[in-house]
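Architecture and fold: a report
Residue strings, one per chain:
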Amino acid sequence: MMQPVPTADEIVRAAERRLKASDAIEHPHAGKERYDAEQLLAFVLGHEPGEFDEVPPRAYLRFERLLDRRAGGEPVPYITGYTDFAGLRLGVGRGSFIPRESSEFMVEQVTRRLRRRHEPVHVDVATGVGTIALAVASAVPHAAVFGLDLHAAPLSWARRNARRLGLRNARFLRGDLFAPLPLRLRGGVDTISLHPPYVGRRELRELPEEVRRFEPEESLTDRSPKGLGLLGRVARESPDWLRPGGWLLVEVSPDRSRDVSALMRRAGFSSVRSTKGGVEVSRVVVGRAPAIPRRDTG
């Protein structure tokens, strides 16, 4: 005789206990395991589970298979194929960096610098699945937004996300840093954002297993000793693309903010400061480009 399927609440509570016991996943705060379980059950049901929902047997079996994957360390967005960020549902998959909640503060910092400008231009470097670029394009519809990345896999997700969301003011270009940008933008960009792969080469082994095993290495580290190699290039090249007084904004961990600030000052940025939002795991370091454009002395 077939055992009765537990209620949604019973399923979630059992899954929560199992995830708490897993050594393959990170446990950053109370409630994360329950949240993950609810996300997976909502995915198989097609709606948010209620406390007394009856879960169809097939859905329950599918949920158990997905829970196996999560307990083994696979992040929920890779399992469901999407994640929610700044009010947008973004498609995401293996081979691309998973959007972080902390980056919503970066979006806030960028958009408040663009909203009052006439025909503003924003460039997001190392854009991945278009996380910051798409959120800015949605929040500032009169802005022209460009997302740049060296890798094809995340850019394919970014373009699909833009089409599905109907964000025609966002374009995604593949190439090395600013090389794919139209030359007409040189000296006319209002804001440049960067969430760099800032983990140092030797620090990779210290990352949580679910990050280290599943997310692409190039989205975590640039292979430089302190993880500041890519950022150094962006800081040096950004003034040539920013309008006089334009802004460079960089999201990093708190322990990197002082080094990043010093690097930006050496590149000629002024008003450099480290800012923080509601999520303590990151900072956004901001700086203004020189008021007088640099001349090409070559």
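Reference entry: report on the structure contained in this document. Since the structure is predicted, the reported quantities are computational estimates derived from the model, not experimental observations.

Points about the environment of Arg-69
Assignment of secondary structure puts Arg-69 in helix α3 (residues 57-71). Its relative accessible area of 34% is what places Arg-69 among the partly exposed residues. Sequence-wise, Arg-69 and Ile-79 are 10 residues apart; in three dimensions their C-alpha atoms are separated by 7.7 Å. Leaving out residues up to four positions away in the same chain, Arg-69 has contacts with Glu-74, Tyr-78 and Ile-79.

Side note on the pattern of salt bridges
The full count for this structure, using the stated rule, is 18 salt bridges. When the shortest N-O distance is used, the salt bridge between Glu-74 and Arg-69 registers 2.9 Å. A salt bridge links Asp-240 to Arg-186, with the shortest nitrogen-to-oxygen separation between them at 4.0 Å. With Asp-240 in helix α9 (residues 229-241) and Arg-186 in the loop between β5 (170-174) and β6 (189-194), this pair connects stretches of sequence that are 54 residues apart. Among the charged side chains, a network of salt bridges with common partners joins Asp-9, Arg-13, Glu-16, Lys-20, Arg-34 and Glu-38.

Examining the side chain of Ser-253
Following the sequence through the fold, Ser-253 ends up in the loop between β7 (242-252) and α10 (257-266). A polar contact is formed between the side chain of Ser-253 and the side chain of Asp-255, at a distance of 2.5 Å. Discounting chain neighbours no more than four positions away, the residues touching Ser-253 are Tyr-198, Val-281 and Ser-282.

A closer look at a positive patch on the surface
Together, Arg-159, Arg-160, Arg-163 and Arg-174 give the surface a local cluster of positive charge. Among the elements that make up the positive patch, the one with the highest residue count is helix α7 (residues 152-165) (three residues). Of note, Arg-159 is situated in helix α7.

Here we look at the packing of helix α1 (residues 8-20) against α3
At a minimum axis separation of 10 Å, α1 and α3 run at an interaxial angle of 20°. Here α1 is positioned roughly parallel relative to α3, judged by the angle of their axes. For the element pair α1 and α3, the recorded crossing hand is right-handed. Across the interface between the two elements, Ile-11, Ala-15, Arg-18 and Leu-19 from α1 touch Tyr-60, Phe-63, Leu-67, Asp-68, Arg-70 and Ala-71 from α3. The residue makeup of the contact of α1 with α3, split by class, is seven nonpolar, no polar and three charged.

Calculation criteria
Residues numbered from 1 in each chain as written. Predicted model: local features only at pLDDT ≥ 70, side-chain atom pairs only at ≥ 80, totals over all residues. Heavy atoms only, no water. Helix = DSSP H or I, 4+ residues; strand = E, 2+ residues; numbered from the N terminus. Buried < 20%, exposed > 50% of the residue type's maximum accessible area, 1.4 Å probe, protein only. Contact = heavy atoms within 4.5 Å. Salt bridge = Lys/Arg side-chain N within 4 Å of Asp/Glu carboxyl O. Polar contact = N/O pair within 3.5 Å; in protein donor to acceptor, adjacent residues only side chain to side chain. Patch = residues over 30% accessible without salt bridge, like charges linked within 9 Å, V, L, I, M, F, W, Y side chains within 5 Å. Areas by Shrake-Rupley, 256 points an atom, 1.4 Å probe, with all protein chains shown as cover. Lys, Arg positive; Asp, Glu negative; His and termini not counted. Charge placed at Lys NZ, Arg CZ, Asp CG, Glu CD. Axes fitted to C-alpha atoms, helices over the stretch in contact; angles between N-to-C directions. Parallel < 35°, antiparallel > 145°, perpendicular 65-115°, else oblique. Left-handed = near helix turned anticlockwise from the far one by under 90°. Nonpolar A, V, L, I, M, F, W, Y, C, P; charged D, E, K, R; others polar.

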